Amino acid sequence: MKKEIINLTVNGTLHEISVEPQVTLNEVLREQLDLTGTKLSCGAGECGACTVLIDGKPELSCCTLAMTANGKDILTIEGLARDGELHPLQKAFVECGAIQCGFCTPGMLLTSKALLDENPDPTREEVKSYLSGNLCRCTGYVKIVDAVLAAATEMNKGGK
Amino acid sequence: MFRTLKPFGYFEPKTIEEAIGALSVHGAKAKVLAGGVDLVPRLRKRQAHPEYMINIQQIEELDGIIKETAEGLRIGALASLRSIELSPLVKKNYFVLHEAIHSIASIQVKTQGTAVGNLCVATPASDVAPALLVLDAKFRIVGPSGEKTVPAENFYLGVGQTVLQPNEIITEILLPKPQAKTGGAFLKLVRTAADIAKVNAAATLTMADGACKEARIAVGSVATTVLRVKKAEGVLKEQKLDLKVIETAARAAAEEVKPISDLRSTAEYRKETTRVLVKRALEKALERAKA
Ligand SMILES: Cc1cc2nc3c(=O)[nH]c(=O)nc-3n(C[C@H](O)[C@H](O)[C@H](O)COP(=O)(O)OP(=O)(O)OC[C@H]3O[C@@H](n4cnc5c(N)ncnc54)[C@H](O)[C@@H]3O)c2cc1C
Ligand code: FES
Ligand code: FES
């Protein structure tokens, strides 16, 4: 099928990319831009491992045709740390032991970022509810929720 | 599971007319694409084989606006489930719809997926459809011969089947003005929060002078389509609603449904659960109608 040029701003950098219509955003990120932090697991909307922020909102890159993301702003896990310094959420995940195999972590972190952008001081229940579209095979979730709450506390203290 | 999708042509119409034109040329070979949450996984699983994908998200006349009108509330076809869930207008006047969408777990699915897309999939397990049935929603549909309005109740034909033709699109969901002394409730039973319903139920009750003026009850996952249980509704009409009447209506509802057995539940269990959920939804709706 005919290739078309689309413009994607990924982690602040504008890319002109040539894609066929059936190519998903997940494939563009992983295979054309080498941003393999974004995972593909179920490919069916169930697990959240492929989550990226599109114009600030948590969406599923496995369910998104790249062409429909034309002109949009995308944040992947590679864009979360700034100037070599980890985001408070990333630090909290490390400190709280919220990572085991790490496969779910990029999606968990981006969904958590969307949550804290919307609601900087969530309750434990609110964190659990917001993360319910992100599955983790390893941790049992408790430490992930702990980490998000710890990051919120840290960020509200004025850490960045 | 395949990683990649099979090739197809892609079209981004700018007007409804262009979209209908493209859909008319390609017929059943074309598919409307909204949020993609349902359709893209189907392509990956090779369950759908469209040759052309018509992305309706760039159509200037379509939007996701939720606003009050003279007749009630209007929800644009592109409105995400999340924007409807969070809408103060929906929370205030159509709480049963808020409650139904709130029961869907994944934030990503609700952010990306549209309510109209959810309806068009026509799964009997939809949580959105029962709420719209009890709210007496109508869908505005545009096709080659113009525009029409179809009541939600007449929209479904069977599993995955609706009255929508391949060259028609839904442009709006329309809800009538809420009536005074009306309460609604949505409940569902699931294996885990993220799973689809084993059974769900929505109800609205309108009270006047201590009696039930109007009752609407809809249930999901218990027949080939989401459906209104009208015998059960009839039990409530013009009655003073005590626990006995509500229990009789709930039993009638369980008699009206035709569930199947599958990996989520047996048919018998679904019937019994219909009774319990309808009873609880009615009790909750009554409490809210009185408040
Ligand atoms: C993990 C997961 C969990 C889910 N959980 C629930 C749940 O608990 N309860 C529930 O009710 N639902 C649930 N869903 C279903 C979800 O709500 C729908 O898949 C989603 O809303 C579809 O909307 P979309 O905009 O992405 O549609 P798309 O995938 O883009 O389209 C779906 C269908 O609708 C058609 N269509 C879309 N818009 C129009 C239009 N305007 N006119 C004509 N045809 C149109 C398309 O042609 C296609 O056939 C879940 C889905 C997933 C993946
Ligand atoms: S890979 Fe996208 S939701 Fe699982
Ligand atoms: S840490 Fe292994 S899946 Fe979550």
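The rules behind each value
- Residues numbered from 1 in each chain as written.
- Chains lettered and ligands numbered in written order.
- Predicted model: local features only at pLDDT ≥ 70, side-chain atom pairs only at ≥ 80, totals over all residues.
- Heavy atoms only, no water.
- 1 Å grid on protein atoms, 1.4 Å probe; cavity = no way out; pocket = protein on both sides within 12 Å on 5 of 7 lines; lining within 4 Å.
- Points joined across faces, edges and corners; volume = space filled by probe spheres on them.
- Helix = DSSP H or I, 4+ residues; strand = E, 2+ residues; numbered from the N terminus.
- Nonpolar A, V, L, I, M, F, W, Y, C, P; charged D, E, K, R; others polar.
- Patch = residues over 30% accessible without salt bridge, like charges linked within 9 Å, V, L, I, M, F, W, Y side chains within 5 Å.
- Areas by Shrake-Rupley, 256 points an atom, 1.4 Å probe, with all protein chains shown as cover.
- Salt bridge = Lys/Arg side-chain N within 4 Å of Asp/Glu carboxyl O.
- Buried < 20%, exposed > 50% of the residue type's maximum accessible area, 1.4 Å probe, protein only.
- Near = heavy atom within 4 Å.
- Polar contact = N/O pair within 3.5 Å; in protein donor to acceptor, adjacent residues only side chain to side chain.
- Domains from an automatic or database assignment.
- Buried area = accessible area lost by both parts, 1.4 Å probe.

K.L.:
Explanation requested: the layout of surface pockets in the structure shown.
P.N.:
The gaps of empty space that remain are located by a probe, the size of a water molecule, rolled over the atoms. Here the second largest pocket is characterised by a volume of approximately 680 Å³. Sorting the residues of the lining of the second largest pocket by element identifies β4 (57-60) and α3 (105-118) of chain A together with α3 (81-86) and α6 (107-112) of chain B as the ones contributing at least two each. When its residues are assigned to classes, the lining of the second largest pocket shows 13 nonpolar, 12 polar and 7 charged.

K.L.:
Just to check I follow, could you spell out a nonpolar patch on the surface for this structure?
P.N.:
All names here are of chain A. On the surface, a nonpolar cluster with roughly 250 Å² of combined accessible area is contributed by L86, V94 and I99. Structurally, the position occupied by V94 is in helix α2 (residues 88-96). Given the relative accessible area of 55%, V94 is considered exposed.

K.L.:
What am I meant to see in the site of ligand 1 here?
P.N.:
All names here are of chain B. Lining the immediate environment of ligand 1, one finds 29 residues, of which V32, A34, G36, T114 and D127 sit closest. Separating an oxygen atom of ligand 1 from a backbone N or O atom of D38 is a distance of 2.9 Å. With respect to ligand 1, the side chain of N118 contributes an N or O atom lying 3.0 Å from an oxygen atom. Burial of ligand 1 by the surrounding chains reaches 91%, relative to a free accessible area of 980 Å². Looking at the shell around ligand 1, the elements with two or more residues in it are β2 (30-33), α7 (115-121) and β10 (169-176). When residues of the shell around ligand 1 are assigned to their parent elements, the largest contribution, 5 residues, is made by α7. Across the shell around ligand 1, the residue classes tally to 16 nonpolar, 8 polar and 5 charged.

K.L.:
Could you clarify how one ought to interpret the domain arrangement of chain A in this entry?
P.N.:
By a widespread convention, an interface's size corresponds to the accessible area lost as its parts come together. Residues and elements named next belong to chain A. In terms of domains, chain A is made up of domain 1 (4-79) and domain 2 (88-158). The C-alpha-based centres of domain 1 and domain 2 are spaced at 22 Å. Across the domain 1 to domain 2 interface the summed buried area is about 1100 Å²; carbon plus sulfur atoms make up 70%. Our enumeration of links across domain 1 and domain 2 arrives at 0 salt bridges. At the boundary of domain 1 and domain 2, one finds 3 residue pairs in polar contact (both at pLDDT 80 or more). Counting residues per element, the side of domain 1 that touches domain 2 draws most heavily on strand β3 (residues 51-54), which supplies 3 residues. Of the residues in the side of domain 1 that touches domain 2, the class split is 8 nonpolar, 6 polar and 2 charged.

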